[in-house]
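Examination of the molecular architecture
For reference, the chains in residue letters:
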Amino acid sequence: MKIIYGLTGAFALSAVALTASAADELPPCENCVDELTIVSWGGAYSNSQIQAYSKPYEALTGVKIINDESSNEAVPKLRAMNEANNVTWDIVDVVASDAIRLCDEGLAMEIDPDEQLAAAPDGTPASEDFGDLLVSECFIPQIVYSTTFGYRTDVEAWGGKTPENVCAVFDTATYPGKRALEKRPINNMEWALICDGVAKDDVYDVLSTDEGVTQALDKLATIKDDVIWWSAGAETPQLLADGEAVIGSTYNGRLFSVIEEQKQPVAMLWDAQVFDLDGWIIPEGLSEERRNRALHYIMFATDTQRLADQSKYISYGPARKSSAPLVGQHADLGIDMAPHMPTDPANATNTFLYNYEWWADNRDDLDAKFQSWLSQ
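Residues numbered from 1 in each chain as written. Predicted model: local features only at pLDDT ≥ 70, side-chain atom pairs only at ≥ 80, totals over all residues. Heavy atoms only, no water.

Further remarks concern the packing of helix α1 (residues 43-61) against helix α11 (residues 288-301). Taken N-terminus to C-terminus, the directions of α1 and α11 make an angle of 120°; their axes are 10 Å apart at the nearest point. By the criterion of interaxial angle, the relationship of α1 to α11 is oblique. Note that α1 runs across α11; the crossing there is right-handed. Across the interface between the two elements, Tyr53, Ser54, Pro56, Tyr57, Leu60 and Thr61 of α1 pack against Arg293, His296, Tyr297, Phe300 and Ala301 of α11. (Axes fitted to C-alpha atoms, helices over the stretch in contact; angles between N-to-C directions. Helix = DSSP H or I, 4+ residues; strand = E, 2+ residues; numbered from the N terminus. Parallel < 35°, antiparallel > 145°, perpendicular 65-115°, else oblique. Left-handed = near helix turned anticlockwise from the far one by under 90°. Contact = heavy atoms within 4.5 Å.)

One pass over the structure, following the stated rule, counts three disulfides. Disulfide partner of cysteine 103: cysteine 138, at an S-S distance of 2.0 Å. An S-S torsion of about 60° defines the bridge between cysteine 103 and cysteine 138 as right-handed. Remark: cysteine 138 occurs in the loop between α5 (126-130) and β4 (140-152) and cysteine 103 occurs in helix α3 (residues 96-104); sequence separation between them is 35 residues. For cysteine 138, a relative accessible area of 0% corresponds to the buried category. Between the sulfur atoms of cysteine 167 and its disulfide mate cysteine 195 the distance is 2.2 Å. Disulfide cysteine 167 to cysteine 195: torsion about the S-S bond roughly -95°, handedness left-handed. (Disulfide = S-S within 2.5 Å. Buried < 20%, exposed > 50% of the residue type's maximum accessible area, 1.4 Å probe, protein only.)

The topology assignment puts glutamine 116 in helix α4 (residues 113-116). Sequence separation between glutamine 116 and glycine 317 is 201 residues, and the spatial gap between their C-alpha atoms is 22 Å.

When its volume is computed, the largest pocket comes out at roughly 360 Å³. Every residue lining the largest pocket is counted, 19 residues in all, and those nearest its centre are Asn72, Glu73, Arg184, Arg363 and Asp367. Only α2 (74-83), α3 and α13 (356-375) provide two or more residues apiece to the lining of the largest pocket. When the residues that make up the lining of the largest pocket are grouped by side-chain class, the tally is five nonpolar, four polar and ten charged. (1 Å grid on protein atoms, 1.4 Å probe; cavity = no way out; pocket = protein on both sides within 12 Å on 5 of 7 lines; lining within 4 Å. Points joined across faces, edges and corners; volume = space filled by probe spheres on them. Nonpolar A, V, L, I, M, F, W, Y, C, P; charged D, E, K, R; others polar.)

The next point concerns the nonpolar core. Generally speaking, soluble globular proteins have nonpolar side chains that are buried together. Among the nonpolar cores identified, the biggest contains 90 residues, and Met189, Leu220, Tyr297 and Trp359 are the most heavily contacted of them. Here the element with the most residues in this core is α13; it accounts for eight residues. When near neighbours in sequence (up to four residues on either side) are disregarded, tryptophan 359 contacts Ser97, Pro185, Ile186, Met189, Glu190, Tyr204, Leu207, Tyr354 and Leu366. Core analysis: the next-biggest nonpolar cluster, separate from the first, contains 18 residues, Trp41, Leu240, Ile259 and Val266 among them. (Core = buried A, V, L, I, M, F, W, Y, C linked by side-chain atoms within 4.5 Å.)

Our focus in this paragraph is the packing of aromatic side chains. All chains considered together, the criterion is met by 19 aromatic pairs. Aromatic pair tyrosine 354 and tyrosine 356: ring centres 5.5 Å apart, planes at 70°, arrangement edge-to-face. The two residues tyrosine 354 and tyrosine 356 agree in class, both being buried. On the basis of an interplanar angle of 85° and a centroid distance of 5.0 Å, the ring pair of tryptophan 358 and tryptophan 359 is categorised as edge-to-face. Tryptophan 359 carries the same exposure label as tryptophan 358, and that label is buried. (Phe/Tyr/Trp six-rings, centres within 6.5 Å; stacked < 30°, edge-to-face > 60°.)

This part is about unusual backbone geometry. Backbone geometry places asparagine 31, a non-glycine residue, at a positive phi of 60°. Here asparagine 31 shows up in the segment before β1 (35-39). By relative accessible area, which is 36% here, asparagine 31 ends up partly exposed.

With that settled, consider empty space enclosed by the protein. Going through the model one piece at a time under the given rule, you end up with three cavities of 30 Å³ or more. Estimates place the volume of the largest cavity at around 90 Å³. As for the largest cavity, its lining consists of Trp41, Tyr45, Val95, Ile143, Tyr145, Arg184, Tyr251, Arg254, Asp278 and Tyr316. Looking at the lining of the largest cavity residue by residue, the classes come out as seven nonpolar, no polar and three charged. Empty space within the second largest cavity amounts to approximately 50 Å³. Lining the second largest cavity we find Ile38, Ser40, Ser46, Gln49, Ile50, Ser54, Asn67, Asp68, Glu69, Trp280 and Tyr297. Broken down by secondary-structure element, the contributors of at least two residues to the lining of the second largest cavity are α1 and β2 (64-68). Broken down by element, the lining of the second largest cavity gets its largest block of residues, four residues, from α1. Residue composition of the lining of the second largest cavity, by class: four nonpolar, five polar and two charged.

Along helix α9 (residues 235-242), the residues classified as buried are Thr236, Pro237, Leu239, Leu240 and Ala241. In the core, the buried residues of α9 are packed alongside β4, β5 (179-182), β6 (227-230), β7 (247-251), α10 (252-261) and β8 (266-281). Glycine 243 occupies a position one or two residues after α9 and carries a positive phi of about 80°.

Turning our eyes to something else, we now look at the pairing of β7. Here β7 lies mainly inside the structure; five of its five residues are buried. Of the strand pairs in this sheet, β4 and β7 are connected by five bridges, and their pairing is antiparallel. Residue pairing across strands places glycine 150 opposite glycine 248, the latter belonging to β7. Sheet topology places β5 next to β7; two bridges connect them, and they run parallel. The residue bridging arginine 179 from the neighbouring strand is isoleucine 247, located in β7. (Pairing = 2+ DSSP bridges.)

See the structure below:
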């Protein structure tokens, strides 16, 4: 049976009451704890959330927010917490496919967007404002981002050439040097197949076979000795800035930071960028007081203005349609942020659409095979 939790006390209000224009009139949260543990990814991304959501929320409510940077381990840790009947996290930032897995396993709370999320300023219900990005009953979308590549612009060994497409990652003869790739199968397997001649539309059909998995791993094996494997999104920008890697994958917002904020000799390679969604889940197993506080924060943090505000600090597109027109300039640099978004037409000429449901169904099996391959 599916259960939609309602709000209690003074917080049992219509979501329409908390629009972007009324955020400073945030209603009190009755029967709520005064502390929140929020789990995210660290680095520039966590900072964007702290600046756009958490600091304003703390100022309005006096709540103490503890920031944890363990999102890359969210699924196994929440499984372990549930098994031990000791859930210590209140709100967790996850990618959409992980939200689907956690929801399917009963580890994330289901959300009624039109009751528990703010409406748009014009009264449009949250379900319409988020639209197709509500890919799971437990997932609260926050941003559209992409995983793509950055590369050093001053590599003498490249003889003045620069990568023009994603397959340069596998061309160590033309573009010698260390590569930085995430230590998981997602995206790496897709890029490997694309660069081994598989059409984009056929990637997941091929990857659904044992032969396809072998094909992808064999392609990755051609550069395995040249790869630095990363686990945290902040690692690739640092590896590029230090010159330890010449090309590497990470989230586009992290590359924006190293290019525009740090002014490092790094450029974006948008080719075959993989669109993905990131957002919140609230774990199952919280007390009523903790659940109420988590819902209170989520309603505030995902309203139209707050999602637009995040784009002042990092180049990710807000998940609400009503937030897009409010995207403006970077908070410190004063540059227009729209051209730095993965969804900008100039950047989205050759994208790859990530299949959330496929990975939700196949992630555990592929993780095991990928990690076994890594250890060989």
